[in-house]
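This is what each chain is made of:
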Amino acid sequence: MVLDKQIAKKTAELLLQINAIKLEPENPFTWASGWKSPIYCDNRIMLSYPQVRNFVREEIAKQVEKLYGRPDVIAGVATGAIGIGILVAEALGLPFVYVRPKPKEHGRQNQIEGYFEDGQSVVVIEDLISTGNSSLNAVQALKAQNADIKGMIAIFTYGFPVSTENFEKEGVELHTLSDYQNLIEQASETNYIQQNQLQTLLEWRSNPQEWKK
């Protein structure tokens with residue numbers, strides 16, 4: 001869920017400017033899942049752009065306080081959200097932990113890195129939501145340590161119905177700075193894409209699994 005449309009479009013504009021999001025309907029990307037896609041998103045690139053990362057940090061920090069007050073801990077989902085998670089925790093003056101996809105196979109075999117106590121309240125920070133499976137894997141690891149999950153805030157979501165279903169099933173509230181709909185609107189309004197490309201992008205979003213098969 002996007003809280004502020006103006007912020008959603010500004011976020012989309014900045015991510016397009018720095019090529020953190022690329023739209024190439026005529027030369028689609030292949031995701032790890034095997035899906036063909038006219039869009040590729042790598043929000044980690046924004047860490048190299050101080051103005052953009054500061055904007056994202058401040059807006060996520062504002063949303064954390066508006067929605068959840070001051071949680072005990074900010075948690076980032078490894079590896080993509082470690083950087084922005086630390087920045088948000090620093091902006092709020094809060095402790096930070098990050099959650100690996102699975103426990104380490106050596107040493108203390110931690111899945112959660114950083115100091116964390118049972119029962120502490122946590123807001124999870126993520127960079128990108130596709131199906132939501134990897135994000136919710138981190139939530140489950142935190143819940144296994146008796147974390148009180150207040151919600152998750154991400155930079156961007158494709159808004160797939162499967163992700164909505166997955167978050168509802170897990171009982172986790174998700175908010176994002178921007179989403180696919182606002183991205184496409186911004187790209188169209190600023191002539192980043194042409195009308196025929198807009199149609200292609202809308203077609204992909206309606207059935208991404210079968211597109212270009």
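Residues numbered from 1 in each chain as written. Predicted model: local features only at pLDDT ≥ 70, side-chain atom pairs only at ≥ 80, totals over all residues. Heavy atoms only, no water.

Our working rule: UniProt positions are given in the numbering used here, feature names are shortened, and annotations may be inferred rather than shown by experiment.
The protein chain is annotated in an unreviewed UniProt entry as Orotate phosphoribosyltransferase of [Muricauda] lutisoli. Regarding the protein chain, the UniProt comment filed under Function (unreviewed entry) reads as follows: "Catalyzes the transfer of a ribosyl phosphate group from 5-phosphoribose 1-diphosphate to orotate, leading to the formation of orotidine monophosphate (OMP)." Within the UniProt record for the protein chain, the comment given under Catalytic activity (unreviewed entry) is "orotidine 5'-phosphate + diphosphate = orotate + 5-phospho-alpha-D-ribose 1-diphosphate".

Some points on the UniProt feature "binding site: orotate" (unreviewed entry) in the protein chain
To keep it simple, the criterion reads: For the purposes of this entry, the term helix denotes a DSSP run of H or I that reaches at least four residues, the term strand denotes a run of E that reaches at least two, and both are numbered from the N terminus. For every residue, the accessible area (1.4 Å probe, protein chains only) is compared with the maximum for its type, and the residue is labelled buried under 20%, exposed over 50%, or partly exposed between those bounds. By definition in these notes, contact holds between two residues if any of their heavy atoms fall within 4.5 Å.
Under the UniProt annotation, "binding site: orotate" (unreviewed entry) lies at Ser-130. With respect to the element layout, Ser-130 can be found in the loop between β8 (121-129) and α4 (133-144). Overall, the relative accessible area of 28% leaves Ser-130 in the partly exposed class. Ser-130 has contacts with Tyr-158, Phe-160 and Ser-163, leaving out every residue within four places of it along the chain.

Examining unusual backbone geometry
Between Ala-78 and the following residue, Thr-79, the backbone shows a cis peptide bond with an omega angle of -5°. Mapped onto the secondary structure, Thr-79 falls in the loop between β5 (73-77) and α3 (82-92). Residues other than glycine seldom take positive phi values, yet Asn-19 does so here, at roughly 65°. Inspection of the secondary structure assignment puts Asn-19 in the loop between α1 (5-17) and β1 (21-23). By relative accessible area, Asn-19 is classed as partly exposed at 38%.

Brief notes about the environment of Glu-58
Rules: Residues adjacent in sequence count toward polar contacts only when both atoms are side-chain atoms; beyond that, a polar contact is any pair of N or O atoms within 3.5 Å, and within protein one must be able to donate a hydrogen and the other to accept it.
Within the secondary structure layout, Glu-58 lies in helix α2 (residues 50-68). Distance in space between the C-alpha atoms of Glu-58 and Leu-87 is 8.8 Å, their sequence separation being 29 residues. Side-chain polar atoms of Glu-58 contact the side chain of Arg-57, separated by 2.8 Å.

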